[in-house]
Amino acid sequence: MALNRDFVGRTFPPGEPYEVSRVKIREFADAIGDRNPIYRDPEAAKAAGHPDVIAPPTFPIVVSLGNPALADPALGLNYAMVVHGEQRFEHVRPIRPGDAVVCTSTVTEIRSIGNNEKMVIETEIRTTDGELVCKTYNTIVERGA
Amino acid sequence: MTAQVKYDDVEVGTEIPARSYPVDRANLVMYAGASGDFNPIHWRESTAKAVGLPDVIAHGMFTMAQGGRYVTDWAGDPGAVVDYGVRFSAPVVVPDEGGAVLEISGKVEEKLADGKVVVALTARSAGQKVLTRAKAVVRLA
């Protein structure tokens, strides 16, 4: 089904801040099978020049999941038919424990590719102080029936 | 943020040794919990098949994370990865018995200014390319 083109250019304001913890970073690192001590041991992280442990490069997906743009029924998205098309993270700095971050998302593109619908969402992840830590580009594809 | 690989020690075309990463259903259950993505196509076979998939498939983000792990293990410091993007070209099918294997290789595609390089990644599973246009920009020492 065609997605609602009126969503292109629409920006969704941030929700509640997400507070990053050492435990969550370690849990995520465990889940991707990555034993790197810089995700777990503050001393190892300091030796690498970081003030505390840091999150893996794909960790921001945890923060940006549950995008309000996708939840709006007016978009017309059939979630059962959605696959992940592309993903990109531009890191200004690594995410660290103690960061309280919020996401501001903008729908930048919706178009048809054959029977499929492609949608691109850009998200800025900022601390509650306004510091930009990461920008994400998320492309989803709704497969046509 | 200090990568262990030195910018001056790599050239365009420098290859990073290929690695294999096994994936089984337990990995996907853990990833669902840690990421918050509980789409049942990643853990329930009947749902996967009902939407036309051959079997349970890995989260695209799990596959992307393995590519990230490959790059950060090479660079030494995960904080050295300043940009990382992929296109998901085929699903990684993860059968209940035996699971799947991801084979990842990479090479330095470009040397940028200020100590950064572009690493191009190749990821395959069951003979299929599962990631395309997979590139990481890494700040080297």
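Counting from 1, residues in each chain are numbered in the order their sequence is written. Working convention: letters from A go to chains and numbers from 1 go to ligands, in the order in which they are written. Per-residue local features are limited, in this predicted model, to residues with pLDDT of at least 70; the limit for side-chain atom pairs, both in listing and counting, is 80 or more; totals at the level of whole chains, interfaces and linings are taken over all residues. To obtain the side-chain values, all non-hydrogen atoms of the structure were included, while hydrogens and water were left out.

Regarding the overall build of chain A
Phase 1 of the analysis: Labels follow the DSSP assignment, with helices taken as runs of H or I lasting at least four residues and strands as runs of E lasting at least two, numbered in each case from the N terminus. Tallying secondary structure elements over chain A gives 4 helices and 6 strands in all.
Phase 2 of the analysis: Secondary structure elements of chain A, listed N to C terminal, follow the sequence β-β-α-α-α-α-β-β-β-β.
Phase 3 of the analysis: Only protein chains enter the accessibility calculation, which uses a 1.4 Å probe; a residue is then buried when its area is under 20% of its type maximum, exposed when over 50%, and partly exposed in between. Every one of the 145 residues in chain A was classed for burial, and the buried ones make up 50%.
Phase 4 of the analysis: Entry remark: accessible area of chain A is about 6,500 Å², with carbon and sulfur atoms responsible for 51%.
Phase 5 of the analysis: Charge counting follows a simple rule: Lys and Arg are positive, Asp and Glu are negative, and His as well as the terminal groups are ignored. Where a charge lies is defined by one atom per residue type, namely NZ (Lys), CZ (Arg), CG (Asp) and CD (Glu). A gap of 3 Å separates the mean positions of the 16 positive and 20 negative side-chain charges of chain A. In this description, accessible areas are obtained by the Shrake-Rupley approach with a 1.4 Å probe, and a residue is regarded as covered only by the protein chains that are shown.

Comments concerning the interface of chain B and chain A
Phase 1 of the analysis: In this complex, chain B contributes 32 residues to the contact, which on the side of chain A involves 32 residues.
Phase 2 of the analysis: What gets called buried area is simply the loss in accessible area from a 1.4 Å probe that two parts show on being joined, summed for both. Summing both partners gives a buried area of about 2,700 Å² for chain B against chain A, and 57% of it is carried by carbon and sulfur.
Phase 3 of the analysis: Salt bridges are identified by distance alone: a Lys or Arg side-chain nitrogen within 4 Å of an Asp or Glu carboxyl oxygen. Residue Asp83(B) is joined to Arg88(A) by a salt bridge in which the shortest nitrogen-to-oxygen separation is 2.6 Å.
Phase 4 of the analysis: Two N or O atoms form a polar contact when they lie within 3.5 Å of each other; inside protein one atom must be a possible hydrogen donor and the other a possible acceptor, and for residues adjacent in sequence the pair counts only when both atoms belong to side chains. In this structure, the connection of chain B to chain A is made through 12 residue pairs in polar contact (both at pLDDT 80 or more).
Phase 5 of the analysis: For the side of chain B that touches chain A, the secondary-structure elements that each account for two or more residues are α1 (25-35), α3 (60-75) and β2 (81-88) of chain B.
Phase 6 of the analysis: Each residue gets one of three labels, nonpolar for Ala, Val, Leu, Ile, Met, Phe, Trp, Tyr, Cys and Pro, charged for Asp, Glu, Lys and Arg, and polar for the others, Gly among them. Of the residues that constitute the side of chain B that touches chain A, the class distribution is 15 nonpolar, 10 polar and 7 charged.
Phase 7 of the analysis: Across 5 bridges, strand β3 (residues 82-91) of chain A lies against β2(B) in antiparallel orientation. Within β2(B), the position partnered with Glu86(A) by the bridge is Arg87(B). Contact between two residues is taken to exist if any of their heavy atoms lie within 4.5 Å; hydrogens are not considered. Each pair of strands is called paired provided DSSP finds at least two bridges between the two strands.

Regarding the pattern of salt bridges
Phase 1 of the analysis: Taken as a whole, this structure holds 21 salt bridges over all chains when the rule is applied.
Phase 2 of the analysis: Residue Arg93(A) pairs with Asp99(A) through a salt bridge whose shortest N-O separation is 3.0 Å.
Phase 3 of the analysis: With relative accessibility at 8%, the residue Asp99(A) sits in the buried group.
Phase 4 of the analysis: In this structure, the salt-bridge partner of Glu45(B) is Lys49(B), at a minimum N-O distance of 2.8 Å. Placement of both Glu45(B) and Lys49(B) in helix α2 (residues 45-50) is noted, with a separation of 4 residues, approximately one turn of the helix.
Phase 5 of the analysis: Overall, Glu45(B) belongs to the partly exposed group, its relative accessible area being 31%.
Phase 6 of the analysis: Relative accessible area serves as the criterion here: at 44%, Lys49(B) is assigned to the partly exposed category.

Describing the environment of Ile140(A)
Residues and elements named next belong to chain A.
Phase 1 of the analysis: Looking at the secondary structure, you find Ile140 in strand β6 (residues 132-142).
Phase 2 of the analysis: Here the alpha-carbon distance between Ile140 and Asp129, two residues 11 residues apart in the chain, equals 30 Å.
Phase 3 of the analysis: With residues near it in sequence (within four places) discarded, Ile140 still touches Leu70, Leu77, Val82, Val83, Gly85, Glu117, Lys118 and Met119.

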